[in-house]
Amino acid sequence: MMLPLVESFPTLSGEAPTAGRPVFLIRLAGCNLDCAWCDTPQRHTVSRWVEPTTLRTEVLDWHLRHPWGGVLLTGGEPLLPERSEVVWNWIESLGVGVPVWIETNGTCPVPVRRPVNAHLVLDWKAPSAGALIPFCEENLPNLQSGRDVLKWVCGRSDLDWAARKRRWVGERWPELTCYLSPLWEDLSPQDAAEWILE
């Protein structure tokens, strides 16, 4: 199965937990959500179809020159069921020395057993996103502290919701790292920081 790419390029990551780290960003086309404030309007536009082995070669060639870097796999939704097995196999084929952070909306199941180089960044969509498919809470017990993270992108109207979700997660998985990212058009980083510190 070939993978549909929106784009792929080396860059510095701008988001937690990889912020500031060199990454080879791979954005797969296709998503099962249509969020109101999606930052990827081209998420359904395929710029090229690529064989997993070709993409593996591109990543490994880059990683030889940047061994401290990793891969940021995003979308759209990289773990859509019709391609998830191919994606997991591709990640494993890179080897344990190439960390892969998978930014997923958390609506698709993630396996309990997965490649050791795979790190999940589950983005639990806030109400203002208008996501019609619910977050798969069954994924949460599969997250591993120190390896995976949970994040919420929130506008001002989502803050109380995010606080309730954070408390709920903290009671069950207190070691799990969680992030709140402010929705730029609606909530400044300063206001988000002040709210967190209240």
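Refer to the structure printed above.
Residues numbered from 1 in each chain as written. Predicted model: local features only at pLDDT ≥ 70, side-chain atom pairs only at ≥ 80, totals over all residues. Heavy atoms only, no water.

Before we go on, may I ask you to explain the overall build of the chain in this structure?
Scanning the chain for helices and strands turns up four helices and eight strands. Secondary structure elements of the chain occur, N-terminal to C-terminal, as β-β-β-α-β-α-β-β-β-α-β-α. In terms of overall dimensions, the chain is globule-like: its C-alpha atoms have a radius of gyration of 17 Å, near the 16 Å expected for 198 residues. By residue count, 49% of the 198 residues in the chain fall in the buried class. Accessible surface computed for the chain: about 9,900 Å², of which carbon and sulfur atoms make up 55%. The chain carries 18 positive and 25 negative side-chain charges, and their two centres are separated by 4 Å. (Helix = DSSP H or I, 4+ residues; strand = E, 2+ residues; numbered from the N terminus. Rg over C-alpha atoms; globule rule 2.2 N^0.38 Å. Buried < 20%, exposed > 50% of the residue type's maximum accessible area, 1.4 Å probe, protein only. Areas by Shrake-Rupley, 256 points an atom, 1.4 Å probe, with all protein chains shown as cover. Lys, Arg positive; Asp, Glu negative; His and termini not counted. Charge placed at Lys NZ, Arg CZ, Asp CG, Glu CD.)

Where do I start with the sheet that holds strand β4 (residues 70-74) in this structure?
To summarise the sheet geometry, strands pair through backbone hydrogen bonds and adopt either a parallel or an antiparallel arrangement. The strand order across the open sheet formed by eight strands is β3-β1-β2-β4-β5-β6-β7-β8, and the pairing between neighbours is mixed. Unpaired on one side and paired on the other, β3 (48-50) and β8 (177-182) mark the two borders of the sheet. Between one strand axis and the next, the sheet turns through 30° on average, direction left out of account. (Pairing = 2+ DSSP bridges. Axes fitted to C-alpha atoms, helices over the stretch in contact; angles between N-to-C directions.)

Looking at this model, I keep getting lost on the packing of helix α1 (residues 52-65) against helix α2 (residues 84-94). Mind explaining?
The geometry of a pair of packed helices is captured by two quantities: the angle between their axes and the separation between those axes. As a packed pair, α1 and α2 sit with axes 10 Å apart at the nearest point and diverge in direction by 35°. As α1 runs across α2, the sense of the crossing is right-handed. Contacts between α1 and α2 pair Pro-52, Leu-55, Arg-56, Val-59 and Leu-60 from the former with Val-86, Trp-90, Ser-93 and Leu-94 from the latter. A class-by-class count of the residues in the contact of α1 with α2 yields seven nonpolar, one polar and one charged. (Left-handed = near helix turned anticlockwise from the far one by under 90°. Contact = heavy atoms within 4.5 Å. Nonpolar A, V, L, I, M, F, W, Y, C, P; charged D, E, K, R; others polar.)

Where do I start with unusual backbone geometry in this structure?
The phi torsion of most residues other than glycine is negative, and most of the peptide bonds are trans. Backbone torsion omega between Gly-75 and Gly-76 reads 25°, so that peptide bond is classified as cis. One can find Gly-76 in the loop between β4 and α2.

I would appreciate a short explanation of the pattern of salt bridges in the present structure.
A side chain of one charge can pair with a side chain of the opposite charge when the charged atoms of the two come close. Enumeration over the complete set of coordinates arrives at seven salt bridges. The partner of Arg-27 in a salt bridge is Glu-7, with the nearest N and O atoms 2.8 Å apart. Of this pair, Arg-27 sits in strand β2 (residues 22-28) while Glu-7 sits in strand β1 (residues 3-12), and the two are 20 residues apart along the sequence. In this structure Glu-7 comes out as partly exposed when scored by relative accessible area, which is 25%. Here Arg-114 ties to Asp-148 by a salt bridge, and the two come within 2.4 Å at their closest N and O atoms. Pair noted here: Arg-114 is in the loop between β5 (100-104) and β6 (118-123) and Asp-148 is in the loop between β6 and β7 (149-154), with a separation of 34 residues, a long-range link. In this structure Arg-114 comes out as buried when scored by relative accessible area, which is 10%. (Salt bridge = Lys/Arg side-chain N within 4 Å of Asp/Glu carboxyl O.)

Honestly, a nonpolar patch on the surface in this entry has me stumped. Any pointers?
A contiguous nonpolar surface patch, about 280 Å² in accessible area, is contributed by Met-2, Val-46 and Trp-49. For Met-2, the position within the fold is in the segment before β1. Residue classification places Met-2 among the partly exposed residues on the basis of a relative accessible area of 36%. (Patch = residues over 30% accessible without salt bridge, like charges linked within 9 Å, V, L, I, M, F, W, Y side chains within 5 Å.)

What exactly am I supposed to notice about the side chain of Asp-148 here?
Note on Asp-148: relative accessible area 1%, which makes it buried. A polar contact of 2.4 Å, which involves the side chain of Asp-148, links it to the side chain of Arg-114. Of the polar contacts made by the side chain of Asp-148, one reaches the backbone nitrogen of Leu-120; its length is 2.7 Å. Aside from chain neighbours lying at most four places away, what touches Asp-148 is Arg-114, Ala-118, His-119, Leu-120, Asn-142, Leu-143, Leu-176 and Thr-177. (Polar contact = N/O pair within 3.5 Å; in protein donor to acceptor, adjacent residues only side chain to side chain.)

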